Each structure stands twice: as structure tokens, then as C-alpha cells.
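# Secondary and tertiary structure notes
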Amino acid sequence: MTEATAKPGDATALARLRTAARALARRLSVDGRTGVIALPYAWLFVFFFVPFVIVAKISLAQMVLQRPPYTAFLLWPDGQTWPTIQVFWSNYAWLLQDPLYWIAYLNSLKIALVSTVLCLLVGYPIAYGIARTPATVRTLLLLMVILPFWTSFLLRVYAWIGILKQKGLINAALMSLGIIDQPLDMLHNDFSVYVGIVYSYLPFMILPLYATLEKLDVSLLEAAEDLGARPIRAFFTVTVPLSLPGILAGSMLVFIPAVGEFVIPSLLGGPDTLMIGKILWNEFFSNRDWPVASAVTIVLILVLVIPIVILQRQQVKAQEALE
Amino acid sequence: MTATLRISTALAVAGVLAATAATPASAQDKTLNVYNWSDYIHEDTIPMFEEEFGIEVNYDVYDSNAVLEGKLMAGNTGYDIVVPTSGFFQRQIQAGLYQKLDKSKLDNMKHLDDGIMQRMQRFDPGNQYGIPYMWGTNGIGYNVNMVAERLGEDAPTNSWDLLFDPDVVSKLSDCGVALLDSPTEVYPLVKHYLGIDPESEDPADLKKVEAHLKKIRPHVKYFHSSQYINDLANGDICVALGWSGDVYIAQSRASEAGQGVEVAYTIPKEGTVQWFDIMAIPADAPHPDAAHKWLNFNMRPKIAAQNTNYVWYPTANAAAEKYIDDEILNNPSIYPPPEIKDKLFVDVPNSAQYRRLRTRSWTSVKTGL
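Residue numbers run consecutively from 1 along every chain, following the written order of its sequence. Naming scheme: in the order in which they are written, chains are lettered from A and ligands are numbered from 1. Restriction of local features to residues with pLDDT of at least 70 applies here, the model being predicted, together with a cutoff of 80 or more for giving and counting side-chain atom pairs; totals for whole chains, interfaces and linings are based on all residues. Remark: hydrogens and water are excluded; side-chain values derive from all non-hydrogen atoms of the structure.

## Comments concerning the nonpolar core
What tends to happen in soluble globular proteins is that the nonpolar side chains get buried as a cluster. Here the nonpolar core consists of buried residues drawn from Ala, Val, Leu, Ile, Met, Phe, Trp, Tyr and Cys, with membership extended through side-chain atoms lying within 4.5 Å. The cut-offs for exposure are 20% and 50% of the maximum accessible area for each residue type, with area from a 1.4 Å probe on protein chains only; residues under the lower value are buried, those over the upper are exposed, and the others partly exposed. Judged by nonpolar contacts, the single largest core of 127 residues is most densely connected at Leu32(B), Tyr228(B) and Trp294(B). Filtering out sequence-adjacent residues up to four positions away, Leu32(B) remains in contact with Phe49(B), Ile55(B), Glu56(B), Val57(B), Asn58(B), Asp80(B), Ile81(B), His287(B), Ala290(B), Ala291(B) and Trp294(B). Ranked by size, the runner-up nonpolar core spans 52 residues in total, among them Leu154(A), Ile161(A), Leu213(A) and Leu268(A). A contact between two residues is defined here by any heavy atoms of the two lying within 4.5 Å.

## Quick notes on the state of the cysteines
All names here are of chain B. Note on disulfides: each one is a pair of cysteine sulfur atoms within 2.5 Å. With the rule as written, the count across this model stands at 1 disulfide over all chains. Disulfide partner of Cys175: Cys238, at an S-S distance of 1.9 Å. On the S-S bond that ties Cys175 to Cys238, the torsion sits near 60 degrees, and the link is right-handed. Pair noted here: Cys175 is in the loop between helix H8 (166-170) and strand E5 (177-179) and Cys238 is in the loop between helix H11 (227-234) and strand E7 (239-243), with a separation of 63 residues, a long-range link. You'll find Cys175 and Cys238 in the same group, each marked buried. Under the DSSP-based scheme used, a helix requires at least four consecutive residues in state H or I and a strand at least two consecutive residues in state E, with every element numbered from the N terminus.

## Describing the pairing of strand E2 (residues 56-62) of chain B
Residues and elements named next belong to chain B. In terms of burial, E2 is largely enclosed, as 5 of its 7 residues are buried. Strand pairing is assigned whenever DSSP identifies at least 2 bridges connecting the two strands. Relative to E2, strand E1 (residues 31-37) is paired through 7 bridges, and the arrangement is parallel. For Leu32, the partnering residue across the bridge sits in E2 and is Val57. By definition, the crossover connecting two strands over a helix is right-handed if that path, from the first strand to the second, turns clockwise as seen with the strands pointing away from the viewer. As a crossover connection, the stretch from E1 through helix H2 (residues 45-53) into E2 is right-handed.

## A short note on the packing of helix H4 (residues 99-132) of chain A against helix H8 (residues 190-215) of chain A
Relative orientation and spacing of two packed helices are given, respectively, by the angle between their axes and the distance between those axes. All names here are of chain A. As a rule, the C-alpha atoms of each element are fitted with a line to give its axis, helices using only the stretch in contact, and angles between N-to-C directions run from 0 to 180 degrees. Packing of H4 against H8 brings their axes to within 6 Å, and their N-to-C directions diverge by 45 degrees. Between H4 and H8, the angle is such that the two are oblique. H4 and H8 meet at a crossing whose hand is right-handed. Each residue belonging to the contact of H4 with H8 can be placed in one class, and the counts come to 23 nonpolar, 3 polar and 4 charged. Note on angle classes: values under 35 degrees are labelled roughly parallel, values over 145 roughly antiparallel, values of 65 to 115 roughly perpendicular, and the remainder oblique. Here is the rule for handedness: rotate from the far helix to the near one, and if that takes an anticlockwise turn smaller than a right angle the crossing is left-handed, while a clockwise turn gives right-handed. Polar here means any residue other than Ala, Val, Leu, Ile, Met, Phe, Trp, Tyr, Cys and Pro, which are nonpolar, and Asp, Glu, Lys and Arg, which are charged; Gly is therefore polar.

Geometry only, nothing functional implied.
What follows is the structure in C-alpha cells.
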């Protein structure tokens, strides 16, 4: 259109217009790409960054008896042109003052870590098995992995109470078979929490593992065999390193939600199962102290996010080094 | 009543949010969103109300004052009627969570018990914000046979010694002891047992309570605010600190099951906490007119009596008593005789600072940290 309006014969003007049009087109294509990238960024902005800023803001307030139950961040008295910012650091100081919080954080990390390792040990053979079955059966097996999601998570956790309790299914079966004569104490302790977490999060481990194992080139294993590697050695030198992205993705998907888990420890755990989710509940509901609850959350995010960012950086570096 | 998470609570959340796509408040309110305690109303009450007024009721339940308060503090719950307990009610009024009642629409208020209305003034001066619904006590639910087996005929089943004397409770350790998972419920009782004023906020007193609870702690199987109902009924535990009506639910479930489990409830002779559950209208309720109709309906003597006959908690409605079943009215553990009634004390709200110390102390009792 720009070219059509230019006077014919004016060669330099025409050339200039052409370059301008090309530049415009180039800019547009860049804009198109930005548009595609902007979508996930907008998503992260709205659903992660904004809530994070709100929680961070509340963590710098103090509790008061009103709705909402914390002091305002900006004070804007009449006749004042600029608002005054009101910040209290005392909530963070409070977290440092009482070892309870650190013990709860560490305990949550420990429970999440052990659960992740257990999920990996249980999930890997399952994912491997599914990836090695014929395609027709594979769909059915994958469906079975996903099937539990059709029932409410809460009900599935609740069902474990019936299975593990003193007069529950396992104890009743073992007693009637004469294997034990005293019921085993399997509920309301760390054991039942691990059972609940591993059971609930196992599909999140299996699915990414399956995705990488399925793509694995079988001829590599044949090559290893030809070169004299026994199956176990081939597994550890070929299969495991190649499935590392799946292991990492699955571990993240299990570890991160397990740290903040509240429902499983409160239904299956004992009174002394101390996790950060319970501390948060206490701060929010028992103490009605939203600012301290927010501070606990912010610290939790930092404790989780910083190591993950470092890990990812290193991974990217390692990948670049390879290339 | 105060407690921790329970399935019903969590499931209920989604329902109301969906049901309350903000409709403008008008005299022609056709829906009403009620948020009440679990197992706390006769099953016919809601259909009767719906039929008479042509108002559809969305009914959700919870088992924890803390959960109710958390939601109200966040605002926009969409609920028109909520049922907080006396101790929580006062500070919720101060926080501006409720609207004043329009008493011209509540002519059935005349049926309410004068004594209870008088005591309510302490939380709600002038009775401006709430209608007492039911009241109850914290007491001991126990398995008659299991306790007798371990402690013999002279077991102190009518005393707090059964639960709070370390020597006695240690003998019950093997059959299962449960406490409510709420320091608001437990601490005033232990203070009272130790001869400390239940209203004291002195940190030194708190330490004494904590030290005493730690002596009992090794014998406590779990802390939970609704699990004990089924466990008492099944014989999975033998003693529980519980709410009167809930223990009676356990009793009737046990006799229905016919497994020979006999559950009893006792108000200890030393006296206990008396609480009131209060129906109130949140400040931002979308259907205040329907809410007033609901309140007035539930204050009808026959409706109030019907609810009590179903849930076995005493009603705050004096005119309802003549319709209440004799086995409830004459039960000294539900309608306590004057000599016990004199020893009841009310739960009072605490300062935020004290509450924080108490929550911390409770965590310490439970986890040892």
C-alpha cells in the first residue's frame, strides 16, 4: 500500500519505502513471536507474580482486629499528596526467634525428600515396564496410572485410614492368617504419612519417566550388549543417564508439592508429625495472624525456589558445555 | 466447638462459591446460603422452610470455628447465616463481620430463654447481632465397659480425674484416649482443674497448664475434633474429651451397631465450659431478608424443639421445652441440674497475644518442641 502511493519514477524514494516496509514486516514478525512468548509470561504474571506480591505485602503488615485482619501497606491521610509506606519486619524476626519454624521447614524437606526417593524407586520400574510393553497394552496401562485421579484426592487419602488402622484391612488380614497376634501400629505416624504421599504422588513420577523412557532408542542398549555390557551395566550406563530429564522432572513434581503438603499429614499423620503446612494452618486459623502466615509462606517459597533456580542454571550450563 | 479440618468442610467450600453468583439483595430473596456445624439441624427443618417461604436453601457444614472465622475475615463468603460460638463471636462483632439484626422481623425472639440472653450480653451487648441457637458443654465421653475393666467399679467417671489425673489416665492408655484438637477447648478446662481462673491470661499459668498437659500427653492416642465420634462408637478408643451432643451421636451409633459397645457422657462434677452457638448474619450477606425469615422460623418453639430432639443439644428457646422429648429434657448431662449448672463457666475471647502463646504451647504439648 505504501508503495502504491509513491510516485513512479522516483527510484530513491521507492527504494527507501521498500526498506521501510521490509523493516516493518520484520518488526511485525518479531512482535508475533513476542506475542507467543507473552502468553505464558502473562499467565505467570497474573497467577504467580501478583499473588506473590500480595502475600509479600501482607507479610510486612501487622495483625489488627478488622477485615482484612492486617494493617494497610499504604497510608494515605487526607491532605497528603503522597502515601506513606508502612512496613513491619517483625514477622520475619519472629520466625528467627523460635526454632519451631526451622524445625518444621527441615522436617518438611526431609519428608518430601524421602517421599521423592521412594516414589522414584517405585515409579521407575513401573514406567520402564510400561514403556517396554506393546503399544496396544501400553495405552491401557497408562490409563490405569491416571485412573485414580477420577476419584477425589481427599477420599483416596481417607481410604488409607480404613486400610491402615488398628482394626483395618491389613491388620485384620494378617491377624486372621496368624502372622501377627498384636495389631501393627501403622496409622498416625511417619510411616502412614510416607504411604499417603508416595501413593498420591506416584503418577506424577511415573508419567514424566515414561515419557523419556518411551523415546529411548533400544538400539543403544543392543549396542551396549554387543560391546559386552551386562544388562545391569547397560541399564546404569545407558538407560539411567538418558532418562535423567524424566527423573528430574518427576522428582520436582513430587518434591515441591510434598513439602507444602497439609491434607495427608493431617489425616494420616500423628500429633507429632510437624510439617510447615500445619504451622501455616495454625498461624492462619488458630492465631488468625495473616502477616506471620504470609511470612512463613514467603520463606517457604524462597527455601524452595532458590535451590531449584540454582539447579536449573547448572543444568543449562552443563547442557551448553555438552553442545 | 472448635476443630481441625474434616472432609465435609473441604467439600462444602466449592458448593457455596458456585451457588452464590451475586444476586442483588431484595425483599424477594429466593435463595438463602446457610453455613452451619455438621450434624446440627433436624433433617426436616430445611425442607419445611423451603416449602413455606419458597426460598431455596444452600446448606453447607464445617466443624471448626477457626475455619469459619478465616473465611469471614477474607470476606465475600456469600453466606447469609453462620453459626459461630460465643467466645469467637465477640471479637468477630468487633471486627465488623456482622450486621445488626432487624428485630421488627424477629417477633419469635420472645421465646428465647431470658437467662441465656442475659449471659449473651457479655459477648453481644444489647443482643444486637446474634440469636443463640443451641448450647452445650465440654465433657467426657467414655466406653463404660472398657473403663470399668481397667479402673474397677469406683472409677472416677464423674470427675475430670478420669482424663486429667496422670495416674488414672495412664491406666487407660492402652484402650485409647483422645482430646479435642483445639487449645481453646482444652486450656480453660485444665486451668479450672488446676484451680486456676479459666480466664487468666498470665503466661505463668499457661506454663502450668502446659506442664500438666505434658504429663498426660504420653497417654493420649490422638488429638482430633470429630474423629472420636466414630472411634468411641466402634470401641477404637475408650475415653474422649468431647462435646455433649457429639458423644450422644457416638452413643446412638454404638447401640445401632449392636456390637455391645456402651458409650456414656458425663459433665464432671468440678464443672465445665458452657458455650453457646449463635446464628448471625454476615455484614456482606447477599440475602439479609431471607436470613431474617430463617432466624424467625428457627425460633418457633416447635422447630427449635424438633432440632434439639434430633441433635441432642439443649436449645436456647425456653418456649420449646414443652415439645422436647423427656429422655433429653430429663438427662442431667444434657440439661444439667442446678447444682451442676452453677459450676458451668463460659468461654471468653482471648487477646491475640495470649492466643499466639497458647497455640505455641499447644504445639509444644503435641510435638514436644
